[in-house]
Amino acid sequence: PVKAGLSALKCRLYGLENIKLKVGDAEDTARLKAVRIITGINTDVRLDANGAWSFTEAIERLDRMRMFNFSVIEQPVKKGDIASMRKISAAIPEPVMADESMCTVEDAENLAEARACKMFNIRLSKCGGIINSLKIARIAKAAGISYQLGCQVGESGVLSAAGRHFVSCVEGARYLEGSYARFLLAEDVVREDVSFGYGGRADILKGPGLGVTVDEHRLKKYIKNKLTIG
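Described below are features of the structure shown in this document.

Cut-offs applied
Residues numbered from 1 in each chain as written. Predicted model: local features only at pLDDT ≥ 70, side-chain atom pairs only at ≥ 80, totals over all residues. Heavy atoms only, no water. Helix = DSSP H or I, 4+ residues; strand = E, 2+ residues; numbered from the N terminus. Buried < 20%, exposed > 50% of the residue type's maximum accessible area, 1.4 Å probe, protein only. Contact = heavy atoms within 4.5 Å. Areas by Shrake-Rupley, 256 points an atom, 1.4 Å probe, with all protein chains shown as cover. Pairing = 2+ DSSP bridges. Axes fitted to C-alpha atoms, helices over the stretch in contact; angles between N-to-C directions. Salt bridge = Lys/Arg side-chain N within 4 Å of Asp/Glu carboxyl O. Disulfide = S-S within 2.5 Å. Expected span 1.5 Å × (residues − 1).

**What about the overall build of the chain?**
Part 1: Of the regular secondary structure elements, the chain holds nine helices and seven strands.
Part 2: Considering only C-alpha atoms, the chain reaches an extent of 55 × 40 × 35 Å along its principal axes.
Part 3: Relative to its full complement of 230 residues, the chain shows a buried share of 45%.
Part 4: Sequence separation of at least 24 residues holds for 68% of the intrachain contacts in the chain that already meet a minimum separation of 6.
Part 5: Entry remark: accessible area of the chain is about 12,700 Å², with carbon and sulfur atoms responsible for 54%.

Dropping the structure here:
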């Protein structure tokens, strides 16, 4: 809870109005309370359980945390447990977001058909790149499901740039994650600084390709295996 409160203070000082809080253990309620003490009631706080709960645990934990106001619960039960996700989605007022359960276009179709969730977390790195992610966004729109642009922790500027291009091609993304760059990386492999600015704002990237330039000298330091084609 103390660490969560300090992180919330950093977010508030940087003008961030949306926070995602990891949950899934005995200190969930205390952690959310600490965040609310710092942010006040108006900051949008969504929860991410990463599949930590059973159906019963999810309902009980969320009932206890509701007094501190959260907007979304992401992946409350383990990957593939669509039946429990559907029951939770029907039982609570907050949207259930699928993440680990939504990795492919087929996953998106199955979740939409089962009405198992009200949101998708579209992460390009797990969903097969920009094209598949656009297909998933189309499925979501047709089914009345909202979505967010998700990210990988410590992602390179290449992946951040791809996410920025994806979200510039779609409508209605509710939350935007990613572009942490200098906030999390000691060194990026691209020359441009793709970090978001105050308030989480970031510009559309322009230029050829993804709009970033890979620094080959930096890249060589992190190569584990190399394959030359052609």
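Moving on from the model shown.
**Topic: the sheet that holds strand β2 (residues 44-48)**
Part 1: Pairing is parallel across the open sheet formed by seven strands, whose spatial order is β1-β2-β3-β4-β5-β6-β7. Among the strands making up the open sheet, the edge pair consists of β1 (18-22) and β7 (173-176).
Part 2: Here strand β4 (residues 96-98) runs beside strand β5 (residues 119-122); their pairing, made up of two bridges, is parallel. Across the sheet, Ala98 pairs through a bridge with Phe120, a residue of β5.
Part 3: Sheet contacts for helix α2 (residues 28-39): β1 and β2; angle to β1, the most-contacted strand, approximately 160°.

**Regarding the pairing of strand β6 (residues 146-149)**
A regular strand places its side chains so that they alternate between the two faces of the sheet.
Part 1: As paired strands, β5 and β6 are joined by four bridges and run parallel to one another. Within β6, the residue paired with Met119 across the bridge is Ser146.
Part 2: Pairing geometry for β6 and β7, over three bridges, is parallel. Bridge pairing in β7 places Tyr147 opposite Ala173.

**Notes on the environment of Ala98**
Part 1: With respect to the helices, strands and loops of the structure, Ala98 is situated in strand β4.
Part 2: Taking the C-alpha atoms as reference points, Ala98 and Phe120, separated by 22 residues in sequence, lie 5.0 Å from one another.
Part 3: If we skip the residues at most four places from it in the chain, Ala98 touches Gln75, Met85, Leu111, Cys117, Met119, Phe120 and Asn121.

**As for the pattern of salt bridges**
Pairing is possible between side chains that carry opposite charge, provided their charged atoms lie close to one another.
Part 1: Following the criterion strictly, the structure yields 16 salt bridges and no others.
Part 2: Salt-bridge contacts for Glu171 lead to Lys141; the nearest nitrogen and oxygen are separated by 4.0 Å. Residue Glu171 is located in the loop between α8 (157-168) and β7, and its partner Lys141 is located in helix α7 (residues 129-143); the two are separated by 30 residues in the primary sequence. Here the two residues Glu171 and Lys141 agree in accessibility, since each one is exposed.
Part 3: The structure contains a network of salt bridges with shared partners spanning Lys20, Lys22, Arg46, Asp48, Glu74 and Glu177.

**A closer look at the state of the cysteines**
Part 1: All chains considered together, the criterion is met by zero disulfides.
Part 2: Cysteine Cys169 shares no disulfide, and the gap to the nearest cysteine sulfur, in Cys127, comes to 16 Å.
Part 3: On the basis of relative accessibility, which here comes to 56%, the residue Cys169 falls in the exposed class.

**Describing α8**
Part 1: The terminal C-alpha atoms of α8 lie 16 Å apart, and with twelve residues this matches the ideal 16 Å at 1.5 Å per residue to within 8%.
Part 2: Here α8 lies mainly inside the structure; nine of its twelve residues are buried.
Part 3: On its buried face, α8 is in contact with β5, α6 (124-127), α7, β6 and β7.

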